[in-house]
Amino acid sequence: MADSPYVTISCAVSLDGYLDTARPPRLALSNPADFDRVDEVRAASDAIMVGARTIRLDNPRLLVHSEERQGRRAETGRGRSPWKVTVTASGDLDPRSAFFAEDDTEKLVYCPRGAERRIRRRLGGTATVVQLGDDVRMADLLSDLGDRGVRRLMVEGGGTTLTQFLADDIVDELQLAVAPVFVGDRRAPRFVGDALFPWTGERRATLAEARTIGDVVLLRYALSGRFAEGVGAAGTGMAASVAARRL
């Protein structure tokens, strides 16, 4: 993983491990102070990734909200918000969704080889469609992002995407905000699904930080030996000129 982007998973969960309720409206698990913390992490990232299902259900904009942080990024030659990244096998994406809205961010859609042409036609010119073989492996996706100049990737969900990254042991840092609520509905989306995860009773994840942010508890776990490097490089982003050459 030495040349791959530094991967941070960031999400908020209920006390019983759910990301949301089973039905709309969306459950806001974080509080304003924690949302602002997440915005800072976004501003320090080169790209933000969510799964296609998250785009369909939540219609996220995935932008840096703080104008001050946007300005700091612009001063270093980067876009005001990080690139947006998603992955899909079906291509069931609406080009009118907020993910594909016109702004100064690059949008990357990863897909299997056989779906590339169909997805490209569906999305028109709203995104760059990248095929990654017969099946999309997250390690291959990271390799391609690294080739494009991405050094820090923030993964925000949903549960299927988080499960794939964690089960493949390609995450450097987990930022888990725990909200003081219960969902209590097994139909609701969970933080992760069934998988063989690297962290077990014999290999426990390393807790690097635990702190309260209002009524939310932030748990930061170091999941690779690069964790210390990530803390030191929190403000580092890719050069715009390198990104332009890769694209």
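Up top is the structure these notes are about.
Residues numbered from 1 in each chain as written. Predicted model: local features only at pLDDT ≥ 70, side-chain atom pairs only at ≥ 80, totals over all residues. Heavy atoms only, no water.

(A) How the structure looks around the overall build of the protein. Within the protein, the regular secondary structure consists of eight helices and nine strands. Here the C-alpha radius of gyration of the protein, 17 Å, is about what a compact globule of 247 residues would show, namely 18 Å. Referenced to the eigenvectors of the C-alpha coordinate spread, the extents of the protein come out at roughly 45 × 40 × 35 Å. Split into buried and exposed, the 247 residues of the protein put 51% on the buried side. Across the protein, contacts joining residues at least 24 apart in sequence account for 71% of those joining residues at least 6 apart. For the protein, the accessible surface area stands at approximately 12400 Å², while carbon and sulfur atoms represent 49% of it. Averaging the coordinates of the 35 positive side-chain charges in the protein and doing the same for the 35 negative ones gives two points 4 Å apart. (Helix = DSSP H or I, 4+ residues; strand = E, 2+ residues; numbered from the N terminus. Rg over C-alpha atoms; globule rule 2.2 N^0.38 Å. Buried < 20%, exposed > 50% of the residue type's maximum accessible area, 1.4 Å probe, protein only. Contact = heavy atoms within 4.5 Å. Areas by Shrake-Rupley, 256 points an atom, 1.4 Å probe, with all protein chains shown as cover. Lys, Arg positive; Asp, Glu negative; His and termini not counted. Charge placed at Lys NZ, Arg CZ, Asp CG, Glu CD.)

(B) Broad picture of the environment of Thr 163. Here Thr 163 is to be found in helix H6 (residues 159–167). As for Thr 163 and Leu 196, which are separated by 33 residues in sequence, their C-alpha atoms are 9.5 Å apart. In terms of polar contacts, Thr 163 uses its side chain to reach the backbone amide nitrogen of Gly 193, at 2.8 Å. (Polar contact = N/O pair within 3.5 Å; in protein donor to acceptor, adjacent residues only side chain to side chain.)

(C) Just the pairing of strand E8 (residues 206–213), in detail. Where E8 meets strand E9 (residues 216–222), seven bridges bridge the pair, whose relative direction is antiparallel. Residue pairing in the sheet places Thr 212 in a bridge with Val 217 of E9. (Pairing = 2+ DSSP bridges.)

(D) Representation of the sheet that holds E8. Pairing is mixed across the open sheet formed by nine strands, whose spatial order is E5-E4-E3-E2-E6-E1-E7-E9-E8. Each end of this open sheet is capped by a strand with a single partner; those strands are strand E5 (128–131) and E8. Here the strands of the sheet are splayed against their neighbours by 20° on average, with no regard to which way each runs. Of the pairings in the sheet, the one linking strand E4 (residues 107–111) to E5 comprises four bridges and is parallel in character. Looking across to E5, one finds that Val 109 is bridged to Val 129. Sitting on the sheet, H6 touches strand E1 (6–13), strand E2 (47–50) and strand E6 (152–157), and the angle it makes with E6 is about 130°. (Axes fitted to C-alpha atoms, helices over the stretch in contact; angles between N-to-C directions.)

(E) Fine view of the nonpolar core. Membership of the largest hydrophobic core comes to 34 residues, with the highest contact counts inside it found for Met 49, Tyr 110, Leu 153, Phe 165 and Phe 191. Where this core is concerned, the elements lending two or more residues are E1, E2, strand E3 (83–87), E4, helix H5 (138–147), E6, H6 and strand E7 (173–178). In contact with Tyr 110, not counting residues within four places along its chain, are Val 85, Thr 86, Val 87, Thr 88, Val 130, Leu 132, Val 136, Leu 141, Asp 144, Leu 145 and Arg 148. The next biggest cluster of nonpolar side chains, apart from the first, holds 15 residues, and it includes Ala 52, Ile 55, Leu 93 and Val 129. (Core = buried A, V, L, I, M, F, W, Y, C linked by side-chain atoms within 4.5 Å.)

(F) Region of the structure containing H6. Within H6, burial applies to Gly 159, Thr 161, Leu 162, Thr 163, Phe 165 and Leu 166. Where H6 is buried, its residues touch E1, E2, H5 and E6. Of the residues trailing H6, Asp 169 is marked for its positive phi of about 60°.

(G) Looking closely at the pattern of salt bridges. The tally for this structure, following the rule as stated, stands at 24 salt bridges. Across the pair Arg 72 and Glu 40 runs a salt bridge whose closest N-O atoms are separated by 3.3 Å. Placement of the pair is Arg 72 in helix H3 (residues 67–75) and Glu 40 in helix H1 (residues 32–43), with a sequence separation of 32 residues. Classification of Arg 72 by relative accessible area gives partly exposed; the value is 37%. Where Arg 137 meets Asp 140, a salt bridge forms, and the shortest distance between an N and an O atom there is 2.9 Å. The class for Arg 137 is partly exposed, based on a relative accessible area of 46%. Put simply, Asp 36, Asp 39, Glu 40, Glu 68, Arg 69 and Arg 72 are held in one network by salt bridges that share partners. (Salt bridge = Lys/Arg side-chain N within 4 Å of Asp/Glu carboxyl O.)

(H) Quick look at unusual backbone geometry. That bond from Pro 24 to Pro 25 is cis: its omega, 0°, falls within 30 degrees of zero. Among the structural elements, Pro 25 can be located in the loop between E1 and H1. The step from Gly 157 to Gly 158 runs through a cis peptide bond, and the omega angle for that step is 0°. Relative to the elements of secondary structure, Gly 158 occurs in the loop between E6 and H6. The backbone phi angle of Asn 59 is positive, close to 50°, even though this residue is not glycine. Considering the arrangement of structural elements, one finds Asn 59 in the loop between helix H2 (52–58) and H3. Among the residues examined, Asn 59 registers a relative accessible area of 40% and is labelled partly exposed.

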